[in-house]
Amino acid sequence: MRFALLGLGAAVAILAVGGGMLGLSITRYLGSPQFLNSFSGLVVFNVDGRLVQYAPFVVGPEIWVLGAGIVALVASLVLAAIAWRRRRAGVY
């Protein structure tokens, strides 16, 4: 049961780091608009009264960290269920 709780804590930590990385990546992306170029084919937005355009958003390693956190979370929940079943079976 201790390993399952340790895995759960690690999974939550990994998910928090991945979420923070993704939030930082999105903040950087939105904070760096490109100059208007009529030949780029990108969509133009009105931001604070200015016309800007953004390159397509590309996800980096953040998505892999979030995926690892989800896998660790599921694995820790499965381990907790197995440990709980063994513990409960020993009681009765």
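Residues numbered from 1 in each chain as written. Predicted model: local features only at pLDDT ≥ 70, side-chain atom pairs only at ≥ 80, totals over all residues. Heavy atoms only, no water.

1. Some points on the packing of aromatic side chains
Summed over all chains, the structure comprises three aromatic pairs. Between the aromatic rings of Tyr29 and Tyr54, the centroid separation amounts to 5.4 Å while the plane-to-plane angle is 40°, which identifies the pairing as tilted. With Tyr29 in helix H1 (residues 2-30) and Tyr54 in the loop between strand E2 (50-53) and helix H2 (62-91), the pair connects residues that are 25 residues apart, well separated along the chain. Relative accessible area serves as the criterion here: at 23%, Tyr29 is assigned to the partly exposed category. Consider the rings of Phe45 and Tyr54, whose centres lie 6.2 Å apart with planes at 55°: the pair is tilted. With relative accessibility at 13%, the residue Tyr54 sits in the buried group. Taken together, the ring pairs connect Tyr29, Phe45, Tyr54 and Phe57 into an aromatic cluster. (Phe/Tyr/Trp six-rings, centres within 6.5 Å; stacked < 30°, edge-to-face > 60°. Helix = DSSP H or I, 4+ residues; strand = E, 2+ residues; numbered from the N terminus. Buried < 20%, exposed > 50% of the residue type's maximum accessible area, 1.4 Å probe, protein only.)

2. Some details on the pairing of E2
Pairing analysis gives four bridges linking strand E1 (residues 44-47) to E2, with the strands arranged antiparallel. By the bridge assignment, Val44 is partnered in E2 with Gln53. If you look at the hairpin formed by E1 and E2, you'll find two residues sitting between the two strands, and Asp48 has a positive phi there, around 55°. (Pairing = 2+ DSSP bridges.)

3. With respect to unusual backbone geometry
The backbone of Asp48 sits at a positive phi, close to 55°, despite the residue not being glycine. With respect to the helices, strands and loops of the structure, Asp48 is situated in the loop between E1 and E2.

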